[in-house]
Structure formats: structure tokens, C-alpha cells
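Descriptive structure summary
The primary structure of each chain is shown beneath.
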Amino acid sequence: MSTHHTDAHPRFAEALRELGLEVPVRRFPDATRTAAEAAAAIGCDVSEIVKSLIFEADGVPVLVLMDGSSRVDVERVREELGAESVKRANADLVRETTGYAIGGVPPFGHATRTRVLADRALLDHDVVWAAAGTPHAVFPLDPKTLIAHAGGAVVDVRERTA
């Protein structure tokens with residue numbers, strides 16, 4: 001397992017350089033497309049994984065940062081944005097918006113600027129892990145810094161557990 005910016009997607013490595021962020025990017029031989037796979041590979045709790053999910057709010061892409069153990073409550077996202085309708089973006093829109101494929105979308109360093117909502121539960125951790133632009137690479141960062149670089153508004157948008 002290596003830990004270099006070169007293990008990140010080139011566009012994301014460039015974003016890290018532009019932000020002056022020195023983070024150890026960890027590359028795994030097997031893809032870590034799901035939060036569970038990533039947590040198992042890293043050896044952390046699944047709630048310490050950041051999922052970077054693209055939704056469409058009235059046709060406009062929105063990025064939602066969610067911890068790996070929770071699901072996004074689309075209705076809460078809709079209320080937060082004051083949108084008529086919110087739905088998960090398809091693979092083409094995800095790639096067009098972010099420049100990355102589903103499974104490797106990082107929390108920032110995207111092709112376009114989007115509105116970003118970050119679920120408050122991410123702040124429960126000292127360090128969180130997010131994709132570094134490919135399904136094989138992740139990086140750790142404290143959640144406050146990660147959310148700040150993503151330009152995220154901290155909100156409550158996860159599904160409430162019964």
C-alpha cells in the first residue's frame with residue numbers, strides 16, 4: 001500500500017496542490033467503492049467514511065457529504081434547498097458534474113462548483129476518510145477542514161433511525 005498524491009486521481013491531486021493540502025493518499029489493490037469496503041480496507045468504523053453523493057435538486061446538481069453508516073433523507077435535502085424535487089443523480093450527471101465516476105468521487109476538486117450540504121454527523125469524528133478520485137484511493141482529513149474545502153453548509157440531512 002503506497003501513500004502519495006500520485007495515487008490520487010490526477011485532477012484530485014491537482015486540487016490538493018492548489019489547496020496546499022498535504023494528505024496521505026492510501027491506495028488499495030482492491031476497489032473500495034462502498035463505505036463498508038473502504039472501512040474494512042482502512043480499518044476504521046464505517047461512520048468515519050465520507051460518501052460524496054450527487055443529487056439533482058430541480059435539475060441542478062447538489063453534492064451531499066454523508067457518513068458511511070447513514071443514508072441521505074431526500075426529503076430533508078429537499079427542505080434544506082427549498083426545492084420542488086430531489087433525486088439521486090445518474091452516473092452521467094455525476095461524471096459531468098464532478099469529473100469522477102461513482103465510487104471514486106472526492107468531496108472537493110470537482111469539475112464544476114455545486115452547492116454542498118454536509119451532514120452534521122461527520123463532525124462527530126476526529127478524522128474521516130474520503131475517496132481521492134478513484135475507487136482505489138482514499139485520504140484522511142479532519143471533518144471541519146474537509147467540509148470547509150468542500151464549501152459545505154453543515155446541515156441535518158441523514159435519515160433518522162427509528
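All figures in this text were calculated on a predicted structure; none of them were measured in a lab.

1. Topic: the packing of aromatic side chains
According to the stated counting rule, one finds three aromatic pairs in the structure shown. Here Phe-12 and Phe-139 contribute two aromatic rings whose centre-to-centre distance is 5.2 Å and whose plane-to-plane angle is 35 degrees, an arrangement assigned as tilted. Taken together, the residues span a long stretch of sequence, with Phe-12 in helix H1 (residues 10-19) and Phe-139 in strand S7 (residues 137-141) at a distance of 127 residues. In terms of burial, Phe-12 and Phe-139 fall into one category: buried. Between Phe-108 and Phe-139, the ring centres sit 6.0 Å apart and the planes meet at 65 degrees, which makes this aromatic pair edge-to-face. Here Phe-108 is found in the loop between helix H4 (91-98) and strand S5 (115-119), whereas its partner Phe-139 is found in strand S7, with 31 residues between them in sequence. Given the relative accessible area of 4%, Phe-108 is considered buried. Judged by relative accessible area, Phe-139 falls into the buried class, the value being 0%. Following the ring pairs from residue to residue traces out a cluster consisting of Phe-12, Phe-108 and Phe-139.

Analysis parameters
- Residues numbered from 1 in each chain as written.
- Predicted model: local features only at pLDDT ≥ 70, side-chain atom pairs only at ≥ 80, totals over all residues.
- Heavy atoms only, no water.
- Phe/Tyr/Trp six-rings, centres within 6.5 Å; stacked < 30°, edge-to-face > 60°.
- Helix = DSSP H or I, 4+ residues; strand = E, 2+ residues; numbered from the N terminus.
- Buried < 20%, exposed > 50% of the residue type's maximum accessible area, 1.4 Å probe, protein only.

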